[in-house]
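Residue strings, one per chain:
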Amino acid sequence: MALKTERIAEQLELFGCIQCGKCTGGCPVARKTVLNIRSMIYHMLVEPELDAVFFKAHQELWDCTCCFTCVERCPKDVRPADLIIELRGQMVESGRIPETIGAALMGVFRQGNPTGIAREDRAAWTNGVNGVNGCGRAKVKVKAAQEGCEVLYFVGCSPAYDPRVQVVTRALVRAFAAAGLDFGTLGTEESCCGNEVRRMGEVGLFEMLVEENGELFRGVGASRLVTTSPHCFNTFKNEYGLDGIEVLHYTQLVAELIEQGQLEFSAPPLPPPAAGGGGGGGGVEKMVTYHDPCFLGKQNHIFDEPRAILKAIPGVKLVEMDRSRERSLCCEGGGGRMWAEGTNLEERLAFQRVHEAAETGAEILAVACPFCLLTLEDAVKVQGLDDRLQVMDIMELVDLALTKHGLGELTDQIPG
Amino acid sequence: MEPQPRIGVYICHCGTNIAANVDVEQVAEFAAILPGVVVARDYLYMCSDPGQALIQQDIEEQGLNRVVVASCSPRMHEPTFRAAAQQTGLNPYLVEMANIREQCSWVHTDREGATEKAKLLVASVVAKAALLEPLEEREVEVTPGAVVIGGGVAGIIAALDVASAGFPVYLVEKSDHLGGRVADLNRTFPTLESVAELLGPLVERVQAHPNVTIFLKTQVTGVEGYVGNFEVAVDSRRVNEERVNEEGGMSSSTYSSSTSSTLAVGSIIVATGYDVFDPHRKPELGYGQYPNVITSLEMERRLAAGDLTGFPKPVRSVVFIQCVGSRDVQLGNPYCSRVCCMYTAKQSRLVRELLPEADVTVFFMDVRAFGKGAEEFYDEVRAKGVLYRRGSISEIIRRGDRVVLIGEDTLLGRPIDFEADLVVLAVGMEPRSDVSDLSTLLKLPRSSDGFFLELHPKLRPVDTAVDGVFLAGCCQGPKDITDTVAQAKAAASSALIPLLRGTVPVESATAVVDEEWCAGCGMCVEVCPYGAPALDPFWGVSRINAVLCKGCGACATTCPSKAIRLQHFTPEQIMAQVDALVGG
């Protein structure tokens, strides 16, 4: 396999690069592996072709999390991460890819999700949505979107299958129900969004997903499409071409529901916060810091809505980490990294991140992305911070607050 | 009765520019038998002196009353051939050009096809030439004097030059002082002169000049007229300094009264300067968040006071970051601000003197030391121990009382974390945020970077699309004091041309209204970009100010009753051209 560089350099407009180093300088992964995207671009400009030896020698191409800091920072509008995706595509085509990446792609192809769990189980998360003991007033019904609905809720793979993330999914639909939202899901017909598939370089499979999912969405006829994950949100919004359908991340929709008064945390008089917080009823008496997911913040500039939700929850005191918003540190869960460890297994950005969160004095590290939830929660445990820091999705906090006011139903076990 | 047209046609070889791709002899032979043509010739360079003499000789000896030159674009040599005709007594508007270079020989490789196309182009121009009408060349009187908008270094220099030539100058400044942004600076590069010593005498000279009237806290609110006769409306706001804010006990300024006046002048010089880039727009650099991240302008004030204390830690490591807000396509500032490399060199050297124990590092993408003495100064700064490292810092984060610069040293080829006590962001220049106000008032076009557009980047750097309006200083694009002064003096010299001549020529190929046909609908008033037509309130018809009219023809094509006729481009002339082209 010998790859002619000129065509790719032209197609990705790499000639604009002035080798200033802002991309590699800002790359969180470059600090722990030999990945150097600036140097990679230079190779593309000066070497006539890249051979199999080159690709074999540059396994760090699989280290990129596609956080797109490089794309955000480039002063010349070059998109360095696109080159990594392109080069991964070359490796996918030649079949020289890490085994776990291959398995994830195969899972998507066969079962519509990267874990390869059976398609029929995709709606299993709805079990227990109304609570294990059946208590509570408002019964939550997750209807099939095909029956017609205003908002199509795209659950996503991790939120549908991963037991930890399912908690968030159920919290989200309870909030939708509490707000009286007319929503529906695609049930077992839902397939992977393909955001990570594309970033792993499998363009053909991605295009197939775009076509099939796009057709399904249009068939439902909903005017709005909301996702659990910023990753699904990103590809639907920026890569699917879903004209006429407004694509939202759940933080946008929930912030809107709160602002319009459809979702209210009607606070009863607050008792003084109990030790450890949260247990005394009334509000969620916690100090919370928020971690901006790359696909929501850096890539789609949604910084304020997640914070607006947190600020609306009675009792929550929001504190910021030094690296927040545009400077949020990637958790290393994107770009296929959920299924590939990369070349440096010892150092994890998530470890650094949870220490940064702990330094703020926050008891809760709030996230708005399934991957961030999993990577950061794992890091908290490994780093021995679990006695002082708990990782929770924003929706879990919302659910907690709604339950306390009798509007929702706290049925899932909140960890910690 | 009109005399029969006697047309001479002249086909230019333009060396080989045309002749290589067009058979010029064949075109001349073809032209010779066109209706009305008396003589047709080809020649190596028609624009040369012998070439022009050839035309003049034919006019005189063969009694030509029309001349067609087939050569380059009329933008290039139409004035040349018009002048040549005029010398023989032929009205210059009886000369017409066919562009067989830019629109033919340069863009085609098929010689046969290009020759056929050249014939058609010549035939169409000959057809038009037969219908040409002589037009009267006119001049208008000039109001002596100039308005200079902006009281920075550019405005002061321009005002002094025009005033010293003996004309009244009105220097209009928005703020309450003269000197502009330069007044915020400490020392100049590369000579390290004191700005106060440079600027002080300059301001005093302009204040003392008997021909200069200075308006402070004054804005231009309207511009009427045309080259030679502008009326510039200005509004002065007097600031009442006495009022005291009751709650805070702080003195505050409020606008209490305003006076308006109208200044009649022949020329206008725009010297409105620039805005400093606001680094809040690069949130990853932590400006406004960390007290030890400052802008280069803040550093100027610090250096002027000789004080680098008051930061979270005693300053042991100072870092300068270049190109903040410049050369950045994403921000919409693709240009180089041209001063940051050198002022950073200057500041870093001054810091070395002030804090000999501190490390001084400059992170750069490219160093541009292009002025006189600039490269030598850059050499000197490095010799003094300022360390230059290549790499553009990607973000800044906090570590205790210090900050950490996160980037890549591209020459080492590896990411670095660089701790510093003080970071200086070398912020660039931007068009003023209110630039569109003046752009609208003066109808001044702007280039894609947002700064005012000069008429030609090389040959007419201070002229604008509006005759009589000239540019000086950073309103046209980022530049240092040296270049600003040079441009200000150029603008003053250009602005003096109409003032010294006393009259200005005006375009003769203008639009005229046939009042019998005009319905007074006013569509011409709406479409005219120059404000030339106006509806006569009494007669209800359109009248076109021939001095404002540039002959663009927008009104003539818009007029629903065809009452407007653009001279030199009449419907008959255009139709004759079209017929010749399509064989009608």
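The structure presented is a predicted model; accordingly, all values stated were derived computationally and were not measured. (Residues numbered from 1 in each chain as written. Chains lettered and ligands numbered in written order. Predicted model: local features only at pLDDT ≥ 70, side-chain atom pairs only at ≥ 80, totals over all residues.)

Asks: Looking at this structure, how should I read the overall build of chain A?
Replies: For chain A, the helix and strand inventory stands at 17 helices and eleven strands. The globule rule puts the C-alpha radius of gyration for 416 residues at 22 Å, and the 22 Å found for chain A is close to it. Overall, chain A is about 70 × 50 × 35 Å in size when its C-alpha atoms are taken along their principal axes. The burial tally for chain A puts 55% of its 416 residues in the buried class. (Helix = DSSP H or I, 4+ residues; strand = E, 2+ residues; numbered from the N terminus. Rg over C-alpha atoms; globule rule 2.2 N^0.38 Å. Buried ≥ 20, exposed ≤ 12 C-beta atoms within 10 Å, placed from the backbone.)

Asks: Hey, could you run me through the overall build of chain B in this one?
Replies: In terms of helices and strands, chain B carries 15 helices and 28 strands. Reported as C-alpha extents along the three principal axes, the dimensions of chain B are approximately 95 × 60 × 40 Å. Counting all 584 residues of chain B, 44% fall into the buried class. Sequence-distant contacts in chain B: of pairs separated by 6 or more residues, those separated by 24 or more amount to 69%. (Contact = placed C-beta atoms within 7 Å.)

Asks: Explanation requested: the domain arrangement of chain A in the structure shown.
Replies: When the parts of a complex come together, some accessible area is lost, and that lost area is often used as the size of the interface. Residues and elements named next belong to chain A. According to the domain assignment, chain A contains domain 1 (3–97), domain 2 (106–259) and domain 3 (287–404). Computed over C-alpha atoms, the centres of domain 1 and domain 2 are 32 Å apart. Listed by partner, the interface residues are six residues for domain 1 and five residues for domain 2. Of the residues assigned to the side of domain 1 that touches domain 2, the class counts are four nonpolar, one polar and one charged. (Domains from an automatic or database assignment. Nonpolar A, V, L, I, M, F, W, Y, C, P; charged D, E, K, R; others polar.)

Asks: Looking at this model, I keep getting lost on the interface of chain B and chain A. Mind explaining?
Replies: On the side of chain A, 23 residues touch chain B, which itself brings 20 residues to the contact. Looking at the side of chain B that touches chain A, the elements that each hand over two or more residues are strand 18 (395–399) and strand 19 (402–409) of chain B. Here the side of chain B that touches chain A is composed, by residue class, of seven nonpolar, seven polar and six charged.

Asks: Where do I start with the sheet that holds strand 6 (residues 146–149) of chain B in this structure?
Replies: All names here are of chain B. One open sheet holds the five strands; their spatial order is 8-7-6-12-23, and the pairing between them is parallel. Both edges of this open sheet fall to strand 8 (212–215) and strand 23 (469–471), since each of them pairs with a single strand only. Taking each pair of neighbouring strands and ignoring which way they run, the sheet shows an average axis angle of 20°. For strand 12 (residues 267–270) and strand 23, the ladder comprises three bridges, and the chain directions are parallel. Counterpart to Val-270 in the pairing with strand 23 is Leu-471. (Pairing = 2+ DSSP bridges. Axes fitted to C-alpha atoms, helices over the stretch in contact; angles between N-to-C directions.)

Asks: Whenever I open this one, the sheet that holds strand 4 (residues 151–154) of chain A confuses me. Can you help?
Replies: To summarise the sheet geometry, strands pair through backbone hydrogen bonds and adopt either a parallel or an antiparallel arrangement. Residues and elements named next belong to chain A. Taken in spatial order, the five strands of this open sheet run 3-5-4-6-7, and their pairing is parallel. On the outer flanks of this sheet lie strand 3 (143–144) and strand 7 (246–249), each paired with one strand and no other. Where helix 12 (residues 230–238) meets the sheet, it contacts strand 4, strand 6 (224–227) and strand 7, and its direction lies at approximately 160° from that of strand 7.

Asks: Would you take a moment to explain the domain arrangement of chain B for this structure?
Replies: Residue and element names in this part refer to chain B. By the assigned domains, chain B splits into domain 1 (7–135), domain 2 (146–274 + 431–503), domain 3 (277–430) and domain 4 (511–567). Between domain 2 and domain 3, the C-alpha centre-to-centre distance is 31 Å. The interface of domain 2 with domain 3 comprises 15 residues on the first partner and 20 residues on the second. The class makeup of the residues in the side of domain 2 that touches domain 3 is eight nonpolar, two polar and five charged.

Asks: Looking at this structure, I do not really get unusual backbone geometry. What am I missing?
Replies: Most peptide bonds take the trans configuration, and most residues that are not glycine carry a negative phi. In this chain, B:Phe189 is followed by B:Pro190 through a cis amide linkage whose omega measures -5°. Here B:Pro190 is to be found in the loop between strand 7 (169–172) and helix 7 (195–208). Positioned with a positive phi, A:Gln19 is a non-glycine residue whose angle comes to about 60°. Its location among the elements puts A:Gln19 in the loop between helix 1 (5–11) and helix 2 (22–26). A positive phi angle is found at A:Asp77, which is not glycine, with a value near 60°. Tracing the chain through its elements places A:Asp77 in the loop between helix 5 (69–73) and helix 6 (80–94). Of the residues examined, A:Asp77 has 12 C-beta atoms within 10 Å and is grouped as exposed.

Asks: Would you take a moment to explain the pairing of strand 1 (residues 7–12) of chain B for this structure?
Replies: The two faces of a sheet get side chains in turn, since along a regular strand they alternate between them. Residues and elements named next belong to chain B. With six of six residues buried, strand 1 is to be regarded as a mostly interior element. The alternating pattern of strand 1 places Ile-7, Val-9 and Ile-11 and Gly-8, Tyr-10 and Cys-12 on opposite faces, both of which are buried. Bridging between strand 1 and strand 3 (residues 66–71) involves five bridges; their strand directions are parallel. Each residue of the ladder has a partner; that of Val-9, found in strand 3, is Val-68. For the handedness criterion, the β-α-β arrangement of strand 1, helix 1 (residues 24–32) and strand 2 (residues 37–43) is classed as right-handed. (Right-handed = clockwise from strand over helix to strand, strands pointing away.)

Asks: It is not clear to me how the nonpolar core should be interpreted in this structure. Could you clarify?
Replies: Note on soluble globular proteins: their nonpolar side chains tend to be buried together. By size, the foremost hydrophobic cluster in this structure holds 127 residues, and its most contacted members are A:Ala175, A:Leu376, A:Leu397 and A:Val398. For this core, the element with the highest residue contribution is helix 9 (residues 163–178) of chain A, accounting for ten residues. Apart from residues no more than four positions distant in its own chain, A:Leu376 is found in contact with A:His291, A:Cys331, A:Ala350, A:Arg353, A:Val354, A:Leu365, A:Val367 and A:Val391. Grouped together as the second largest cluster of nonpolar side chains are 121 residues, B:Val270, B:Leu303, B:Cys340 and B:Ile393 included. (Core = buried A, V, L, I, M, F, W, Y, C linked by C-beta atoms within 7 Å.)

Asks: Sorry if this is basic, but what is going on with helix 1 of chain B here?
Replies: Two residues of an α-helix separated by three or four positions point the same way, owing to the 3.6 residues in each turn. Residue and element names in this part refer to chain B. Every buried residue of helix 1 is accounted for by Val-24, Val-27, Ala-28, Phe-30 and Ala-31. For helix 1, the arc enclosing every buried residue in end-on projection is 160°, short of the 170-degree limit, so these residues lie on one face. On its buried face, helix 1 sits against strand 1, strand 2, strand 3 and helix 5 (111–129). (Arc of directions from axis to C-beta.)

Asks: Can you walk me through the environment of B:Val37 in this structure?
Replies: All names here are of chain B. Among the structural elements, Val-37 can be located in strand 2. Using a count of 23 C-beta atoms within 10 Å as the deciding quantity, one classes Val-37 as buried. Those residues in contact with Val-37, other than ones at most four positions away along the chain, are Ile-7, Val-9, Ala-31, Ala-32 and Val-126.

Asks: Would you mind showing me how to read the packing of helix 8 (residues 296–305) of chain B against helix 9 (residues 340–354) of chain B here?
Replies: Relative placement of two packed helices is described by the angle separating their axes and the distance separating the axes. All names here are of chain B. Direction vectors running N to C along helix 8 and helix 9 enclose 35°, while the axes themselves pass 11 Å from each other. Both helix 8 and helix 9 take part in a crossing whose hand is left-handed. For the pair helix 8 and helix 9, the contacting residues are Ser-296, Met-299 and Leu-303 in the first and Tyr-343, Thr-344, Gln-347 and Leu-350 in the second. Looking at the contact of helix 8 with helix 9 residue by residue, the classes come out as four nonpolar, three polar and no charged. (Left-handed = near helix turned anticlockwise from the far one by under 90°.)

Asks: Got a minute to help me understand the environment of A:Ala308 in this structure?
Replies: Residues and elements named next belong to chain A. Examined against the element boundaries, Ala-308 turns out to sit in helix 14 (residues 304–312). When the 16 C-beta atoms within 10 Å are taken as the criterion, Ala-308 is described as partly exposed. Expressed as a C-alpha distance, the spacing of Ala-308 and Glu-259, which sit 49 residues apart in the sequence, is 8.9 Å.

Asks: Explain the confidence of the model for chain A to me, please; I cannot follow it from the model alone.
Replies: For any part of a model where pLDDT is low, the fine detail of the predicted coordinates should not be relied upon. Residues and elements named next belong to chain A. The share of residues in chain A with pLDDT of 70 or more is 91%, and the mean pLDDT across the chain is 91. Within the model, the stretch residues 132–137 combines pLDDT values under 50 with five contacts to residues more than four positions away or in other chains. Contacts of residues 269–281 to residues separated by more than four positions or lying in other chains number 19 contacts, the stretch itself having pLDDT below 50. (pLDDT = per-residue confidence, 0-100.)

Asks: Explanation requested: the packing of helix 1 of chain B against helix 5 of chain B in the structure shown.
Replies: All names here are of chain B. Contact geometry for helix 1 and helix 5: axes closest at 10 Å, N-to-C directions at 35°. In the packing of helix 1 onto helix 5, the handedness of the crossing is right-handed. For the pair helix 1 and helix 5, contact is made by Gln-26, Val-27, Phe-30 and Ala-31 and by Thr-115, Ala-118, Lys-119, Val-122 and Val-126, respectively. Tallied by class, the residues present in the contact of helix 1 with helix 5 amount to six nonpolar, two polar and one charged.

Asks: Help me understand the confidence of the model for chain B, please; the structure alone is not making it clear to me.
Replies: Residue and element names in this part refer to chain B. Looking at chain B as a whole, its pLDDT mean stands at 93, while 96% of the residues score no less than 70. Every residue in residues 239–256 is under pLDDT 50, and counting partners more than four places away or in other chains gives 16 contacts. Scoring the predicted complex yields pTM 0.83 and, for the interface, ipTM 0.89.

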